[in-house]
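# Tertiary structure, described
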Amino acid sequence: MKLLNTILKEELDLYLETWNYHWNIEGPLFPSLHKLFEEQYEALRELVDEIAERERALGGVAETRVALEIKKQRPAKEMLTTLAERHEGLSAKMKSEWIPKLEKAGDPGSVDLLTRVLQEHDKMAWMLRATAK
Ligand SMILES: [Fe+2]
């Protein structure tokens, strides 16, 4: 399904961005942020896997297109707020666009999966925002 592959791409990008920050974080918050980013990229990997396998279960092909390029070092607070914004953006898209489309398409299995993904994004955004204060 085209929509699930679109979502898969977005989730993969966020997974890679979070993993990249895990490597490149610097500053006094290094120990806690290195760990927080690790927990979150691992959780995102599980979600990416579930979305890809949902696509396969529906008879499609799970597509991968990596477009992310991160070259410059970023301050810790910028990493936290950037990731929080990305999670909030994906959560908002799930609510306003992707879940309603899947509901319309009569696919409650994917709606259930994405509802769980949305909850994970809300939780990770909260953790990132709380850490950025
Ligand atoms: Fe590591």
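In this numbering scheme, every chain counts its residues from 1 along its sequence in written order. Given that this is a predicted model, residues contribute local features only at a pLDDT of at least 70 and side-chain atom pairs are listed and counted only at 80 or more, while totals for whole chains, interfaces and linings are drawn from all residues. The side-chain quantities take in all heavy atoms of the structure and omit both hydrogens and water.

Nonpolar side chains (Val, Leu, Ile, Met, Phe, Trp, Tyr) are joined into patches within 5 Å and like charges within 9 Å, using only residues with over 30% relative accessible area and no salt bridge. Surface exposure here means Shrake-Rupley accessible area, sampled with a 1.4 Å probe, where a residue is shielded only by the protein chains that are shown. Note on definitions: salt bridges are taken to be side-chain nitrogens of Lys or Arg within 4 Å of carboxyl oxygens of Asp or Glu. Only four residue types enter the charge count, namely Lys and Arg as positive and Asp and Glu as negative; His and the chain termini do not. Where a charge lies is defined by one atom per residue type, namely NZ (Lys), CZ (Arg), CG (Asp) and CD (Glu). Residues Glu-42, Glu-46, Asp-49 and Glu-53 make up a contiguous surface patch of negative charge. By definition, any uninterrupted DSSP run of H or I lasting at least four residues is a helix, any uninterrupted run of E lasting at least two residues is a strand, and each is numbered from the N terminus. Within the element layout of this structure, Asp-49 appears in helix α2 (residues 30-57). Under the scheme applied here, a residue whose accessible area is under 20% of the maximum for its type counts as buried, over 50% as exposed, and between as partly exposed, the area being computed with a 1.4 Å probe on protein chains only. Of the residues examined, Asp-49 reaches a relative accessible area of 39% and is grouped as partly exposed.

Paired rings are identified among Phe, Tyr and Trp, the last through its six-membered ring, by centres lying within 6.5 Å, and are further divided according to the angle between planes into stacked (under 30 degrees), edge-to-face (over 60) and tilted (the rest). Evaluated as defined, the whole model comprises 5 aromatic pairs. Their ring planes at 40 degrees and their centres at 5.6 Å tell us that Tyr-15 and Trp-19 sit as a pair that is tilted. Of this pair, Tyr-15 and Trp-19 are both found in helix α1 (residues 2-24), 4 residues apart, which corresponds to roughly one turn of the helix. In this structure Trp-19 comes out as partly exposed when scored by relative accessible area, which is 26%.

Let us now look at the side chain of Asn-5. Considering the arrangement of structural elements, one finds Asn-5 in helix α1. For Asn-5, a relative accessible area of 9% corresponds to the buried category. Counted as a polar contact is a pair of N or O atoms within 3.5 Å, where, for protein atoms, one must be capable of donating a hydrogen and the other of accepting one, and residues adjacent in sequence contribute only when both atoms are in side chains. Within polar-contact distance, the side chain of Asn-5 engages the backbone nitrogen of Glu-63 at 2.8 Å. Beyond its immediate stretch of four places on either side in the chain, Asn-5 contacts Glu-55, Val-61, Ala-62 and Glu-63. Only heavy atoms matter for contacts: two residues are in contact if any of them lie within 4.5 Å across the pair.

Packed helix pairs are specified by the crossing angle of their axes together with the interaxial distance, meaning the distance between the axes. Between α2 and helix α3 (residues 76-104), whose axes approach to 12 Å, the crossing angle comes to 20 degrees. The angle between α2 and α3 falls in the class roughly parallel. Crossing of α2 against α3: the hand is left-handed. Between α2, through Leu-33, Leu-36, Phe-37, Gln-40 and Leu-44, and α3, the contact on the second element is made entirely by Ala-76, Met-79, Leu-80, Leu-83 and His-87. All axes are obtained by fitting lines to C-alpha atoms, using only the stretch in contact for helices, and the reported angles, taken between N-to-C directions, cover 0 to 180 degrees. An angle below 35 degrees is read as roughly parallel, one above 145 as roughly antiparallel, one from 65 to 115 as roughly perpendicular, and any other as oblique. Working rule for handedness: look at the near helix, and if it is turned counterclockwise from the far one by less than a right angle, call the crossing left-handed; if clockwise, right-handed.

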